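In case you want the letters, here they are:
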Amino acid sequence: MSRLIVVSNRVNVPRGRENDGAQGGLAVALTSALKKSGGIWFGWSGKAAESFTGAVDYQRHGGVATATVDLDEQDVEEYYNGYANRTLWPVFHYRIDLADFDREFGRRYEAVNKKMAGTLAPMIDPGDMVWVHDYHFIPMASDLRAEGVANRIGFFLHTPWPPHRLMVALPYHRRLVETMLAYDVIGFQSDEWRESFLHYCEREMDGEVDGEWLTVEGRTIRCATFPIGIDAKVFAKLATGPDAQASYVRARDNVTGQIIVGVDRLDYSKGLIERFNGYRKLLEREEWLKKVTLLQIAPPSRGEVPAYGEIRDQLDMLSGRINGEHARVDWVPIRYVNKGYARPELAGIFRAAHVGLVTSLRDGMNLVAKEYVAAQDPEDPGVLLLSRFTGAAAQMEDGALLINPHSQLDIAKTLDQALRMGWEERKERWQTLYDGLNAYDVHHWAADFLEALKGADEA
Ligand code: F6P
């Protein structure tokens, strides 16, 4: 049987009991796929060494082998903070205004991909399948081919792919996309991102598209949509466990009125400014004063990237202003928390919240929306408000209330609708969403992608 080699920037193997929901769904799905077929999860250790030695740290966690490598300080600065998070991330999230086009970043990104491929290649046996994840390692297949690796190699993009007209704002865009022709299967979170990619290939590279098949420069690649899910049943169970119960009670006992919850990495793509302003608009309707609280959990991330510091400052100011405008001695309208919580606690907070609010301006999928749904009490579920600009919207439009995060009025009106929604409608919407989560969970997602990759001919 062929082994699986997973490649991603971070290697997140569950370290506790494997499938108790306390680990992210992606990590659990990849771990269980790795356990089934045997193999290795390869990536960056998360550490910066003085120089890159290529020394591999082999470990076993919960029955899965991991192989990680330290990068050097300049790699972290120019590849991870630089090209990945200051160039590709903003471009892929339609924010070319925030993108830094620095030649050194691009050079270092290519160099890191090459040296990671050079380190990985000797670990790959004939017949192994290689599955590369996300924007950090787009050129990985092409670099592996240069090392003589002829195995099947697939790529899954967790972020959006921008429209052709935005993509061409990236200097050397074609040089980057050409490296993708070395994959056998390329997976996207939604048809929208897949179509943007195919459109780019048609316009810039004379690619020919026939359904899921793209032919460019004599290579035919399968480009398909695999919307990532969560392990809904396991997360639902987690939401009734003791830790979740405790955080449920803490939230319900200490927060005034109905709870609107948002949980996001502190990132400009999440529409947090728009969210706060939409909520502020709701508070203009005086009937909601002291009847509702926005609980926003936003752990800081990528703090070394300037745009992340800026959004953090703006949010500190805006939350302070809204609280100053509307707070009473016995009520604070926004509880804004810059810290992460363990998943069991988060599950309890989701269950305690009457409304889940997702306002991303652009999001590959958005798994918070799915976790909010899975955590609800089936007998008294809350309502999901979901930005139409997420990959999740294409799957959840029947049960969620879709919103345009750019419109404060739309957010306020829809929040009002959600907070007033009767039991029957809430239950019906929730059931639709929950059935959808179970019909295509994260294990289906991994199995589908690997099935597609299995079907591809070795290069
Ligand atoms: O797709 C975006 C993503 O890679 C997610 O999979 C992950 O949650 C997040 O970004 C983590 O970002 P970082 O590794 O930069 O902290």
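Everything numeric in this text was worked out from a predicted model, so none of it was measured. (Residues numbered from 1 in each chain as written. Predicted model: local features only at pLDDT ≥ 70, side-chain atom pairs only at ≥ 80, totals over all residues. Heavy atoms only, no water.)

S.K.: How would you summarise the sheet that holds strand β16 (residues 401-403) if you had to cite specific residues and measurements?
M.R.: Reading across from one edge, β13-β12-β11-β14-β15-β16 is the order of the 6 strands in this open sheet, with parallel pairing throughout. Because the sheet does not close on itself, it has two edges, and the strands there are β13 (334-337) and β16. Each strand of the sheet is rotated relative to its neighbour by a mean of 20 degrees, with strand direction disregarded. (Pairing = 2+ DSSP bridges. Helix = DSSP H or I, 4+ residues; strand = E, 2+ residues; numbered from the N terminus. Axes fitted to C-alpha atoms, helices over the stretch in contact; angles between N-to-C directions.)

S.K.: Provide a residue-level description of the site of the ligand, including the pertinent values.
M.R.: In the vicinity of the ligand, the contacting residues are Arg10, Tyr80, Trp89, Asp134, His158, Thr159, Arg265 and Arg302. At a separation of 2.8 Å, an oxygen atom of the ligand approaches a polar side-chain atom of arginine 302. For the ligand, the protein covers 68% of the area, taking 400 Å² as the surface of the free molecule. The residue makeup of the shell around the ligand, split by class, is 2 nonpolar, 2 polar and 4 charged. (Near = heavy atom within 4 Å. Polar contact = N/O pair within 3.5 Å; in protein donor to acceptor, adjacent residues only side chain to side chain. Areas by Shrake-Rupley, 256 points an atom, 1.4 Å probe, with all protein chains shown as cover. Nonpolar A, V, L, I, M, F, W, Y, C, P; charged D, E, K, R; others polar.)

S.K.: Describe helix α15 (residues 408-420), with residues and values.
M.R.: In this model α15 runs 18 Å from its N-terminal to its C-terminal C-alpha over 13 residues, within 8% of the 18 Å that 1.5 Å per residue would give. Asp410, Ile411, Ala412, Thr414, Leu415, Asp416, Ala418 and Leu419 are the residues of α15 that are buried. (Expected span 1.5 Å × (residues − 1). Buried < 20%, exposed > 50% of the residue type's maximum accessible area, 1.4 Å probe, protein only.)

S.K.: Pulling in residues and values, what's your account of the packing of aromatic side chains?
M.R.: One pass over the structure, following the stated rule, counts 20 aromatic pairs. With a centroid separation of 6.1 Å and 20 degrees between ring planes, the pair formed by tyrosine 79 and phenylalanine 137 is classed as stacked. Separated by 58 residues along the polypeptide, tyrosine 79 in helix α2 (residues 73-92) and phenylalanine 137 in the loop between β5 (129-133) and α4 (140-146) bring together distant segments of the chain. Both residues of the pair, tyrosine 79 and phenylalanine 137, belong to the buried class. Both rings, one in tryptophan 89 and one in tyrosine 135, keep their centres 5.5 Å apart while their planes meet at 55 degrees; by these two values the pair is tilted. Taken as a pair, tryptophan 89 in helix α2 and tyrosine 135 in the loop between β5 and α4 lie far apart in primary sequence, 46 residues in all. Given the relative accessible area of 7%, tryptophan 89 is considered buried. (Phe/Tyr/Trp six-rings, centres within 6.5 Å; stacked < 30°, edge-to-face > 60°.)

S.K.: Could you give an account of the packing of helix α9 (residues 242-254) against helix α12 (residues 343-352), with specific residues and numbers?
M.R.: Angle between the axes and distance between the axes: these two values describe a pair of packed helices. Close contact between α9 and α12 brings their axes to 7 Å; oriented N to C, the two are set at 45 degrees. On the basis of their axis angle, the class for α9 and α12 is oblique. Read as a crossing pair, α9 and α12 show a hand that is right-handed. Counting all contacts with α9, which are made through Asp243, Ala244, Ser247, Tyr248, Arg250, Ala251 and Arg252, the residues of α12 involved are Pro344, Glu345, Ala347, Gly348, Ile349, Arg351 and Ala352. Of the residues assigned to the contact of α9 with α12, the class counts are 7 nonpolar, 2 polar and 5 charged. (Parallel < 35°, antiparallel > 145°, perpendicular 65-115°, else oblique. Left-handed = near helix turned anticlockwise from the far one by under 90°. Contact = heavy atoms within 4.5 Å.)

S.K.: Hey, could you go over the sheet that holds β5 for me, with residue numbers and the actual values?
M.R.: The strands that make up a sheet are held in pairs by hydrogen bonds between backbone atoms, and each pair lies either parallel or antiparallel. Strand order across the open sheet formed by 10 strands is β3-β4-β2-β1-β5-β6-β7-β10-β9-β8, with mixed pairing between neighbours. The open sheet has two edge strands, β3 (56-61) and β8 (208-210), and neither has a second partner. Taking the axes of each pair of neighbouring strands and ignoring which way they run, one obtains an average angle of 25 degrees across the sheet. In the packing of α2 onto the sheet, contacts are made with β1 (4-10), β2 (39-49) and β4 (64-72), and the angle to β4 comes to roughly 95 degrees. Sheet strands in contact with helix α3 (residues 103-120) are β1, β2, β3 and β4, and its direction is about 140 degrees off that of β4.

S.K.: How would you explain the nonpolar core if you had to name every residue and give the values?
M.R.: Of all hydrophobic cores here, the largest spans 98 residues; its most connected members are Leu144, Trp161, Phe197, Ile260 and Tyr279. Looking at this core element by element, the count peaks at 9 residues for α2. If you count residues domain by domain, this core takes at least three from each of domain 1 (4-229 + 442-458) and domain 2 (232-439). Once you skip the residues sitting within four places of it in the chain, leucine 144 turns out to touch Ala117, Leu120, Ala121, Ile124, Val130, Val149 and Ile153. Counting residues in hydrophobic clusters, the runner-up holds 62 residues, among them Ile349, Trp430, Leu450 and Ala452. (Core = buried A, V, L, I, M, F, W, Y, C linked by side-chain atoms within 4.5 Å. Domains from an automatic or database assignment.)

S.K.: Please give an account of the state of the cysteines that cites residues and values.
M.R.: Here the structure, examined in full by the defined rule, presents 0 disulfides. Its sulfur unpaired, cysteine 201 is 6.7 Å from the next cysteine sulfur, which belongs to cysteine 223. (Disulfide = S-S within 2.5 Å.)

S.K.: Can you tell me about the domain arrangement of the protein chain, naming the residues and giving the values?
M.R.: In terms of domain boundaries, the protein chain breaks down into domain 1 (4-229 + 442-458) and domain 2 (232-439). The distance between the C-alpha centroids of domain 1 and domain 2 comes to 30 Å. With 30 residues of domain 1 in contact, the opposing surface of domain 2 contributes 25 residues. Buried surface at the junction of domain 1 and domain 2, both sides included, amounts to about 2100 Å², of which 60% is carbon and sulfur. Our count for the domain 1 to domain 2 interface comes out at 0 salt bridges. Inspection of the domain 1/domain 2 interface yields 7 residue pairs in polar contact (both at pLDDT 80 or more). For the side of domain 1 that touches domain 2, the secondary-structure elements that each account for two or more residues are α2 and α7 (191-205). Here the element with the most residues in the side of domain 1 that touches domain 2 is α2; it accounts for 7 residues. (Buried area = accessible area lost by both parts, 1.4 Å probe. Salt bridge = Lys/Arg side-chain N within 4 Å of Asp/Glu carboxyl O.)

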